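Each chain is listed here by its residues.
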Amino acid sequence: MTEIRYDVTNGVALITLDAPERRNALSVEMSRELIDAARTAESDDAVGAVVVTGGAHFCAGAVRSVLADTGTDPVEDEAYRNLETVYAAFTTIGSIGVPTVAAVRGAAVGAGLNLALATDLRIVSRTARLLPGFAQIGIHPGGGHFTLINRAAGREAAAALGLFGDEVDGDRAVALGLAWAAYDDGDVQEQALAIAGRVAKDPALARRMVASFRRETAPGGLPWDVSVELERSPQMWSLRRKHGV
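The rules behind the values
Throughout, a residue's number is its position along its own chain's written sequence, starting from 1. With the structure being a predicted model, the display of local features is reserved for residues of pLDDT at least 70 and the display and counting of side-chain atom pairs for 80 or more, all residues being used for whole-chain, interface and lining totals. By convention in this description, side-chain values take in all heavy atoms of the structure and omit both hydrogens and water. UniProt positions are given in the numbering used here, feature names are shortened, and annotations may be inferred rather than shown by experiment. For two strands to count as paired, DSSP must find a minimum of two bridges between them. The helix count covers DSSP runs of H or I at least four residues long, the strand count covers runs of E at least two residues long, and both are numbered beginning at the N terminus. Between the N-to-C directions of two axes lies an angle of 0 to 180 degrees, each axis being a line fitted to C-alpha atoms and, for a helix, fitted only over the stretch in contact. Note on contacts: a residue pair is in contact if any heavy atoms of the two residues lie within 4.5 Å. Only buried residues count toward a nonpolar core. Its members are Ala, Val, Leu, Ile, Met, Phe, Trp, Tyr and Cys residues joined through side-chain atoms within 4.5 Å. Three exposure classes are used, based on accessible area relative to the maximum for each residue type with a 1.4 Å probe and protein chains only: buried under 20%, partly exposed in between, and exposed over 50%. Site definitions follow a grid-based scheme: protein atoms alone, a 1 Å grid, a 1.4 Å probe that fits but cannot get out for cavities, and for pockets an open set with protein on both sides within 12 Å along at least five of seven lines, plus lining residues having an atom within 4 Å of a point. Grid points are joined across faces, edges and corners, and a volume is the space filled by probe spheres set on the points. Each residue is assigned to one class: nonpolar for Ala, Val, Leu, Ile, Met, Phe, Trp, Tyr, Cys and Pro, charged for Asp, Glu, Lys and Arg, and polar for all the others, Gly among them.

Going by the annotation in an unreviewed UniProt entry, the name recorded for the protein is Enoyl-CoA hydratase, with Terrabacter carboxydivorans given as the source organism. If you open the UniProt record of the protein and go to Sequence similarities (unreviewed entry), you find "Belongs to the enoyl-CoA hydratase/isomerase family."

Put into structure tokens, the structure is as follows:
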């Protein structure tokens, strides 16, 4: 990998976007590498959680050339597939079968905000900038942007950010429910790794729990009685495992 760094420590896979010269804007190559890293973590039974970060700058969106090529001819095969690959970078992070955490410093813009919101939990810098950026450059949001904001923080936040182009810092993101906790810039990654490390101590249980979590918290949710039944099987599995039966 040339634009993604991948490391595993104590059951936590750390995926780092590593193109600081463009503030980690998602190129086609970086998107492919991010997908590969996510799948590598998912296929490793010793991995119980994933942390996605970008160092000082989380992700400045998609590189402009991908958007420009698509705009020139949206149905041209290569341009269409390249944009699809960028979308797949965050949809893959959002669907792998392990708990995921975003450690956000600097800006998360457009597709970069989608990437952060695709994770199960976000730890942010107090000075982080979360903003859509789509309308500001004259294009419609993409990648399910409104849905991602709505499921994290509700319709009002989806309107303010996605529709009206507002932006929030880390403290405001926590207040809105877009993130779980905000820390000083230098503490963000450490705190993200710490919270991921708690669930990663038991990778098999982590994978069972995140599957139930996502089903029960999907848009629309589930009735309580259905959730009881959904949780019954993985809980029975965990009890049997705990008692060595």
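Moving on, there is more to tell.
Draft legend 1. Region of interest: the sheet that holds strand S3 (residues 49-53). Read across the open sheet, the six strands follow the order S1-S2-S3-S4-S6-S9; overall the sheet is mixed. At either end of the open sheet lies a strand with only one pairing partner, and these are strand S1 (4-9) and strand S9 (181-183). Going across the sheet, the axis of each strand differs from the next one's by a mean of 20 degrees, ignoring polarity. Pairing of strand S4 (residues 100-104) with strand S6 (residues 121-125) involves four bridges; the strand directions are parallel. Paired with alanine 103 across the bridge in S6 is isoleucine 123. Helix H4 (residues 111-118) rests against strand S2 (12-17), S3, S4 and S6 of the sheet, and its axis sits at about 135 degrees to S4.

Draft legend 2. Examining the nonpolar core more closely. Core analysis: the biggest nonpolar cluster contains 45 residues, and Leu17, Leu26, Leu34, Val50, Phe58, Val104 and Leu115 have the highest contact counts within it. If you list the elements that add at least two residues to this core, you get S2, helix H1 (28-43), S3, helix H3 (77-93), S4, H4, helix H5 (145-153) and helix H6 (155-163). By size, the runner-up hydrophobic cluster in this structure holds 13 residues, among which are Val12, Ala49, Val51 and Ala200.

Draft legend 3. Broad picture of H4. The buried fraction of H4 is high, at eight of eight residues. Listed in full, the buried residues belonging to H4 are Ala111, Gly112, Leu113, Asn114, Leu115, Ala116, Leu117 and Ala118.

Draft legend 4. Representation of the pairing of S4 in the model. With five of five residues buried, S4 lies mostly within the body of the structure. Inspection of the sheet shows S3 paired to S4 by four bridges, in the parallel sense. Each bridged residue has a counterpart across the sheet, and for valine 50 the counterpart in S4 is threonine 100.

Draft legend 5. Highlighting the sheet that holds strand S5 (residues 107-109). Read across the sheet, three strands follow the order S5-S7-S8 without closing on themselves; strand pairing throughout is mixed. Looking at which strands have only one partner, the edges of the open sheet turn out to be S5 and strand S8 (168-169). Together, S5 and strand S7 (129-131) form the strand contacts of H4, whose direction differs from that of S5 by roughly 100 degrees.

Draft legend 6. Here's a closer look at the layout of surface pockets. Its volume calculated, the largest pocket comes out at about 630 Å³. Contributing to the lining of the largest pocket are 33 residues, with Ala60, Gly61, Ala62, Val109 and Ile137 lying nearest its centre. Of all the elements in the fold, those that place two or more residues in the lining of the largest pocket are helix H2 (64-72), H3, S5, H4 and S7. Per-class residue counts for the lining of the largest pocket are 17 nonpolar, twelve polar and four charged. Approximately 420 Å³ is the volume found for the second largest pocket. Around the second largest pocket sit 21 residues that line it, and Leu117, Ala118, Thr119, Asp120 and Arg151 are the ones nearest its centre. Residue composition of the lining of the second largest pocket, by class: eleven nonpolar, six polar and four charged.

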